Amino acid sequence: GNTQSLEMTDKSGYHAFTLAQPRFVLFRSDTSVLAAITGPNPNNGHIYKMSRLKKGKKLFIGLYLKPGNYHFIAKKLDDSTRTIQFRMKQIEVTKLEPGIMKIPRMIDGSSLHVYRVQVKKKADIGLGIRSEQSGLKGSLYDLESNRVASGDYIYTKLEPGNYIFTVHSPGKTASYQIILL
């Protein structure tokens, strides 16, 4: 995917970016900061996503964003003068077919894998991550980046449409397969 590095030396920082087509975008930093992403949304004119603050935790925000102009805004939580590094990565979305993923994929702790799930009619959907390594996390989102469900195994009723399923490994390298029923 396309990765950009951003630096913040002042108490707060701002970065504008444009997406020509829909993308899953991951924002990460090496320290705790308050961060928000604003941009276009046909429902109310803009979206507003903010990081959850946990002292000592690194920034990790993943969003499915539609084409348009966006702003990434961040603020330091302390008075330090050190530079904070941010990474903004556009991640390719892979279509997930029903059944068991035929070829296992490898994921490391610095990666996020993103899949598109298409639901043709209202139905109960089952999603699972099969791996010998524990700790893999799955999350299902609608196209407005609202989390629908999360866990190793997800069973939920979904309306027709497209959804985003992410797989994240917090700090471990693992081989996995996804099961979509």
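Before going into details, it helps to say that this report is about the structure given with it.

Within the secondary structure, His168 is located in strand S17 (residues 161-168). For His168, a relative accessible area of 15% translates into the label buried. Excluding anything up to four places from it in sequence, His168 contacts Phe60, Ile107, Gly109, Ser111, Leu112, Gly135, Leu136 and Lys137.

Aromatic ring pairs are reported here in terms of the distance separating the ring centres and the angle at which the planes meet. Inspection of the entire model under this criterion finds three aromatic pairs. Relative to Phe27, the ring of Phe17 lies with its centre 5.9 Å away and its plane at 55 degrees, an arrangement referred to as tilted. Within this pair, whereas Phe17 is found in strand S2 (residues 12-19), its partner Phe27 is found in strand S3 (residues 23-29), the two being separated by 10 residues in sequence. We note that Phe17, like Phe27, is buried. Put simply, the rings of Phe17, Phe27, Tyr70 and Phe72 pair up and form one aromatic cluster.

So, about the sheet that holds strand S1 (residues 2-8). Overall, antiparallel pairing links the four strands, which are arranged S1-S8-S3-S6 in an open sheet. At either margin of the open sheet sits one strand with a lone partner, and together these are S1 and strand S6 (60-65). Between one strand and the next, the sheet's axes are offset by a mean angle of 20 degrees, whatever the strand orientation.

Relative to the helices and strands, Gln133 resides in the loop between strand S13 (123-130) and strand S14 (137-142). Residues Gln133 and Ala174 lie 41 residues apart in sequence; the distance between their C-alpha atoms is 5.9 Å. Excluding its chain neighbours within four sequence positions, the residues that come into contact with Gln133 are Lys172, Thr173 and Ala174.

How each quantity is defined
Residues numbered from 1 in each chain as written. Predicted model: local features only at pLDDT ≥ 70, side-chain atom pairs only at ≥ 80, totals over all residues. Heavy atoms only, no water. Helix = DSSP H or I, 4+ residues; strand = E, 2+ residues; numbered from the N terminus. Buried < 20%, exposed > 50% of the residue type's maximum accessible area, 1.4 Å probe, protein only. Contact = heavy atoms within 4.5 Å. Phe/Tyr/Trp six-rings, centres within 6.5 Å; stacked < 30°, edge-to-face > 60°. Pairing = 2+ DSSP bridges. Axes fitted to C-alpha atoms, helices over the stretch in contact; angles between N-to-C directions.

Spatial relationships are all this shows, so hold off on functional conclusions.
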